[in-house]
Amino acid sequence: MEGYADYDFYLNSWHGQMEETDFSRNILSASQYIRYVTAGKSDSYDGEELKYASCEAADAYYQASMDMAGEKGRVKSENNDGYSVTYAVEGKDGETSESLTARKVYGIVRKWLLPTGLLSRKVGCRHDCECGYYSL
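Caption draft 1: Helix 4 (residues 97-113), seen in detail. End to end, helix 4 covers 24 Å across 17 residues, agreeing with the expected 24 Å (1.5 Å per residue, within 8%). Inspection of helix 4 places Leu100, Thr101, Val105, Ile108, Val109 and Leu113 among the buried residues, and these make up the whole buried set.

Caption draft 2: How the structure looks around the nonpolar core. By size, the foremost hydrophobic cluster in this structure holds 25 residues, and its most contacted members are Tyr10, Phe23, Tyr33, Ile34, Val105, Val109 and Leu113. Sorting elements by how many residues they give to this core places helix 3 (residues 48-68) first, with seven residues. Once residues within four sequence positions are removed from consideration, Tyr33 is found in contact with Tyr61, Ala102, Val105, Tyr106 and Val109.

Caption draft 3: Representation of the packing of aromatic side chains within the structure. Counted under the stated rule, the structure contains eight aromatic pairs. Pairwise contacts between aromatic rings join Phe9, Trp14, Tyr52 and Trp112 into one cluster.

Caption draft 4: Highlighting the pattern of salt bridges. Counting across every chain of the model gives three salt bridges. Of the charged contacts, one joins Arg25 and Asp22 as a salt bridge, the two residues approaching to 2.6 Å between their closest N and O atoms. In this pair, Arg25 and Asp22 both sit in helix 2 (residues 20-37), three residues apart, roughly one turn of the helix. By relative accessible area, Arg25 is classed as exposed at 51%. Overall, the relative accessible area of 16% leaves Asp22 in the buried class. The shortest N-O distance in the salt bridge between Arg35 and Asp43 comes to 2.8 Å. Classification of Arg35 as buried rests on a relative accessible area of 17%.

Rules behind the numbers
- Residues numbered from 1 in each chain as written.
- Predicted model: local features only at pLDDT ≥ 70, side-chain atom pairs only at ≥ 80, totals over all residues.
- Heavy atoms only, no water.
- Helix = DSSP H or I, 4+ residues; strand = E, 2+ residues; numbered from the N terminus.
- Expected span 1.5 Å × (residues − 1).
- Buried < 20%, exposed > 50% of the residue type's maximum accessible area, 1.4 Å probe, protein only.
- Core = buried A, V, L, I, M, F, W, Y, C linked by side-chain atoms within 4.5 Å.
- Contact = heavy atoms within 4.5 Å.
- Phe/Tyr/Trp six-rings, centres within 6.5 Å; stacked < 30°, edge-to-face > 60°.
- Salt bridge = Lys/Arg side-chain N within 4 Å of Asp/Glu carboxyl O.

Take it as geometry only, folks, not as evidence of what the structure does.
Following this line, the structure appears as structure tokens:
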């Protein structure tokens, strides 16, 4: 299985910052997720939106792995009377880091691929205006 973008595209067009080994790991996860949410339709699509979506999703996966590796986050508030520190988090209360990452990656994929029709769940020929076929 190959990713939707190569490292040359990532560096020169997307202007990414990951090392090649990290990119190789994360682009496969991003490409597989895109393949999943598009029900495989992305394999036959040639537009550049797919490459940009996979690069941004790979960056999100990489950032999530770096966050889980030990960075606590930004300090939201601190009290030195009884020493209490509160960290600002992106997720909702009770949300796991995996579900937060999935939500962020879906937002990225949706931003890039919604205008292409790849996220459409229509059944049929997808030419409603031409042939009059109206799907479920």
